[in-house]
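# Per-entry structural report
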Amino acid sequence: MILGRSAPTGHVALLHGDTDRGEGLARMLRSAGHRVTLVPEGRRVPQTVVEASPDLLVASLTFTEPPVAGVIRAARQALGAELPVLVVVGREDSDSLVEADEIIREPVDPGELDLRVGGLLRHQAERRFLQRKVDELLGLYKISWAFSLAAGPEGLFGHLAAQSAQLLRAQKGLVLLFERERRQMVAQTPGFGIAPEVVGRVRYPVDGEARSRWNFRKNGPLIANKPQSDSRLLPDMATELDLHSLLIAPLVRGPQVTGLILVADRHADSPFTDEDLNLLLAVAGEASVAVENMRLHEELKRANALLQEYDRLKSEFVAIVAHDFRKPLMAIRGFAELVLEEPDIPADARQEFMRTVINETENLARLADDTLLITRMETGEAEYHWSEIDLGPFILDSVPLGLSEHSILMDIPATFPKILADPDRLRQVLTNLVTNAIKYSPGGGSITIRCRERGSQHVVLEVVDHGLGIPADQIPRLFQKFQRVRSEEHDRISGTGLGLYICRLIVEGHGGQIWVESELAKGSTFGLVLPLDARAAQAHRRTVAAARAKTPPASS
Ligand code: ADP
């Protein structure tokens, strides 16, 4: 049906008790461009009319099996009270017999029929259009409410996916959010009409795609009514989610796209239109604010939890430091008193005691240094001094060879790109990892230092040992302050649990990452990845952090 000034055409259900006159009317209607379903008398009349779902019912009072009034009532009950009805009456019939929108008398004049039918269809089209607008506005209103009532991210994404799909009469709905670290759009659970395990797998890169493709972050709204063969879309996208038509509107914060709402799959004969897209854009406008508020709320919650954790760690730190400082101090004091009070101690025993005093003093000094360094790095006061490093010679120079009986193997390519890093800090990391490898391999064995390029912008450095190993459940917290493996064998080896934490701070200060893979009683591999230009990586991180501090925290 067309809405506008030109004569609208539509689907007419026609009921007439007189076959010939009925056929005549049907011909007139068809020649005016309408589709006509001529309904014969009989028991199934109401069902036939309802199944035909016409835009207009034209019924003659000659139709008595069943009576027209009953058919009209049943049709309006099933198809909506606004279904227009044009009743055809004979000269002798009373026009108050049935509830009609219009009446036309027989013999029917084609011009008059055209006028009446056209008027009723136009009204019907306008009414439907307005009804749809009201439904859309109500839908939008419901969606805004859903946003303010939604409990947590899951509630919000679920509501948003479901309400958007229902509003657009689509079978599927999904919210995707931009993940800054991995630079990809990630589907949020739950979706609507899409299995959770499928939603869990869905993530699309925002970089590196061919220019001809629609980009998840750079390109705006999208209508694709044949996504499976649409070359603008990633080939897997439509198949993975089994999509047959789709509509995408971006969620934005300022000029940045922070996510997307996708609705998909409508009945094949009603493809998505520009009007649908405008509606989804209106939803996305509302949703952008809600998603941003939710994100800020979640960030606040995380910051609060972090603050509490920080408070707890601070108390723990003070307690541990007091304990760890006291231990060497007590030893120093004990041996010093012994030497002072026992003048007759043999010379070699005296020497042994003094060596212990010196060792413990060194431990104490190291602990004090580590603690100070950590405080400076945590508060961002630690300065980095960048210089170009030739990693091969640098490693050979830094590793404490000859300090133990372990054989130390170097696996470093002959030619290797130079990196920009802080040599003193990097040496500290290397020494720490190699010292640990030696310390926690009490049975001896080989230790390998391996170095490789990763892509064109990064290098990977690994220290491999065949020592005690680390239980899997203790690995996640090893790079935190004062964390030591809790086991009888590890306890026999002295340490403070600060070394790996310092390594992590230094590596992250270089814009890199550190990790460990380990198997109990088999050995461990500590690895780190560094950018070739750590200074640039750090500068970039600082700019982002400064921008974040100025504006509300961003998801881009
Ligand atoms: P520590 O001074 O205790 O050695 P680190 O922070 O350097 O402190 O290491 C933290 C803990 O991680 C150690 O106490 C040890 O239990 C475990 N660890 C570190 N390196 C190794 C390794 N190469 N093999 C097994 N365990 C290790």
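Residues numbered from 1 in each chain as written. Predicted model: local features only at pLDDT ≥ 70, side-chain atom pairs only at ≥ 80, totals over all residues. Heavy atoms only, no water.

Once the domains are mapped, the protein chain shows domain 1 (11-134), domain 2 (148-302) and domain 3 (387-542). For domain 2 versus domain 3, the distance between C-alpha centres works out to 42 Å. (Domains from an automatic or database assignment.)

Take the packing of helix H9 (residues 347-378) against helix H13 (residues 499-509) next. Running from N to C, H9 and H13 cross one another at 35°; their axes reach a closest spacing of 11 Å. Crossing geometry of H9 relative to H13 is assigned as left-handed. Residues Asp370, Leu373, Ile374, Met377 and Glu378 of H9 form the contact with H13, whose participating residues are Tyr501, Ile502, Leu505 and Ile506. Split by residue class, the contact of H9 with H13 holds seven nonpolar, no polar and two charged. (Axes fitted to C-alpha atoms, helices over the stretch in contact; angles between N-to-C directions. Helix = DSSP H or I, 4+ residues; strand = E, 2+ residues; numbered from the N terminus. Left-handed = near helix turned anticlockwise from the far one by under 90°. Contact = heavy atoms within 4.5 Å. Nonpolar A, V, L, I, M, F, W, Y, C, P; charged D, E, K, R; others polar.)

Our focus in this paragraph is helix H1 (residues 19-31). The end-to-end C-alpha distance of H1, which contains 13 residues, comes to 18 Å, matching closely the 18 Å that a straight helix rising 1.5 Å per residue would cover. In this structure Asp18 caps H1, since a side-chain oxygen of it lies 3.0 Å from the backbone nitrogen of Asp20. Of the residues trailing H1, Gly33 is marked for its positive phi of about 100°. (Expected span 1.5 Å × (residues − 1). Polar contact = N/O pair within 3.5 Å; in protein donor to acceptor, adjacent residues only side chain to side chain.)

Turning our attention to unusual backbone geometry. In most cases, non-glycine residues show a negative phi, while peptide bonds are predominantly trans. Across the junction of Glu106 and Pro107, the peptide omega takes the value -5°, indicating a cis bond. Omega for the peptide link from Thr189 to Pro190 comes to -5°, which places this bond in the cis form. Counting through the fold element by element, Pro190 comes out in strand S7 (residues 184-192). Notably, Arg169 is not glycine yet its phi reads approximately 50°, a positive angle. Using a relative accessible area of 47% as the deciding quantity, one classes Arg169 as partly exposed. In the Ramachandran plot, Phe482 falls in the positive-phi region, its phi being about 60° despite a non-glycine side chain. In this structure, Phe482 sits in the loop between strand S16 (458-464) and helix H12 (488-491). For Phe482, a relative accessible area of 11% corresponds to the buried category. (Buried < 20%, exposed > 50% of the residue type's maximum accessible area, 1.4 Å probe, protein only.)

A few words now on the packing of helix H2 (residues 45-52) against helix H3 (residues 68-79). Helix packing geometry: the angle between the two helix axes and the distance between the axes. Closest axis-to-axis distance for the H2/H3 pair is 9 Å, and the angle between their directions is 35°. As H2 packs across H3, the resulting crossing turns out to be right-handed. Between H2 and H3, the residues in contact are Val45, Pro46, Val49 and Val50 and Val71, Ala74, Ala75, Ala78 and Leu79, respectively. Counted by class, the contact of H2 with H3 contains nine nonpolar, no polar and no charged residues.

A few words on the pairing of S16. A large share of S16 lies buried, amounting to six of its seven residues. Note: strand S15 (residues 446-454) against S16, seven bridges, orientation antiparallel. Within the sheet, the bridge partner assigned to Arg450 lies in S16 and is Glu462. The antiparallel pairing of S15 with S16 creates a hairpin that spans three residues between the two strands, and Gly455 there sits at a positive phi of about 65°. Direction of pairing for S16 relative to strand S18 (residues 523-531): antiparallel, over a ladder of seven bridges. In the strand pairing of S18, Val464 is matched with Thr525. (Pairing = 2+ DSSP bridges.)

Summarising the element assignment, Leu280 is placed in helix H8 (residues 274-341). For Leu280, a relative accessible area of 0% gives the class buried. Expressed as a C-alpha distance, the spacing of Leu280 and Ile261, which sit 19 residues apart in the sequence, is 8.0 Å. Residues within four places of Leu280 in sequence aside, it is in contact with Ser164, Leu168, Leu247, Ile248, Ala249, Ile261 and Val263.

Our focus in this paragraph is the environment of Leu329. As for its position among the elements, Leu329 is in helix H8. On the accessibility criterion, Leu329 (43% relative accessible area) is partly exposed. Separated by 28 residues in sequence, Leu329 and Val357 place their C-alpha atoms 9.1 Å apart.

Take helix H5 (residues 152-167) next. In an α-helix, one turn spans 3.6 residues, which is why side chains three or four residues apart end up on the same side. With 16 residues, H5 should cover 22 Å at 1.5 Å per step; its first-to-last C-alpha distance of 22 Å lies within 8% of that length. Taken together, the buried positions of H5 are occupied by Leu156, Phe157, Gly158, Leu160, Ala161, Ala162, Gln163, Ser164, Ala165 and Leu167. Downstream of H5 by one or two residues, Arg169 has phi in the positive range, about 50°.

Note on terminology: disulfide describes a covalent bond linking the sulfur atoms of two cysteines. Applying the stated criterion across every chain yields a total of zero disulfides. Sulfur of Cys451: no disulfide; nearest cysteine sulfur belongs to Cys503 and is 15 Å away. (Disulfide = S-S within 2.5 Å.)

What follows covers the pattern of salt bridges. Taken as a whole and assessed by the stated rule, the structure comprises 25 salt bridges. Between Glu299 and Arg295 there is a salt bridge, with its nearest N and O atoms 3.2 Å apart. One end of the pair, Glu299, and the other, Arg295, are both in helix H8, four residues apart, so they sit about a helical turn from each other. Residue Glu299 is joined to Arg302 by a salt bridge in which the shortest nitrogen-to-oxygen separation is 3.8 Å. Of this pair, Glu299 and Arg302 are both found in helix H8, three residues apart, which corresponds to roughly one turn of the helix. (Salt bridge = Lys/Arg side-chain N within 4 Å of Asp/Glu carboxyl O.)

What surrounds the ligand is a group of 20 residues, the closest being Asn436, Tyr440, Asp465, Arg484 and Leu500. Within the side chain of Asn436, a nitrogen or oxygen atom sits 2.7 Å from an oxygen atom of the ligand. The backbone of Gly499 places a nitrogen or oxygen atom 3.1 Å from an oxygen atom of the ligand. Relative to its unbound accessible surface of 530 Å², the ligand loses 98% to contact with the protein. Looking at the shell around the ligand, the elements with two or more residues in it are helix H11 (423-439), H13 and S18. Ranked by the residues each element gives to the shell around the ligand, the list is headed by H11, at three residues. Considering only residue class, the shell around the ligand consists of eight nonpolar, nine polar and three charged. (Near = heavy atom within 4 Å. Areas by Shrake-Rupley, 256 points an atom, 1.4 Å probe, with all protein chains shown as cover.)

Attention now moves to the side chain of Ser441. Here Ser441 lies in the loop between H11 and S15. Here Ser441 is in contact with His406, Asp465, His466 and Gly467, once residues within four sequence places are set aside.

Hydrogen bonds along the backbone pair up the strands of a sheet, which may run parallel or antiparallel. Overall, mixed pairing links the five strands, which are arranged S13-S15-S16-S18-S17 in an open sheet. Edge positions in the sheet fall to strand S13 (407-411) and strand S17 (513-519), since each has one partner strand and no second. The average undirected angle you get between the axes of adjacent strands in this sheet is 15°.

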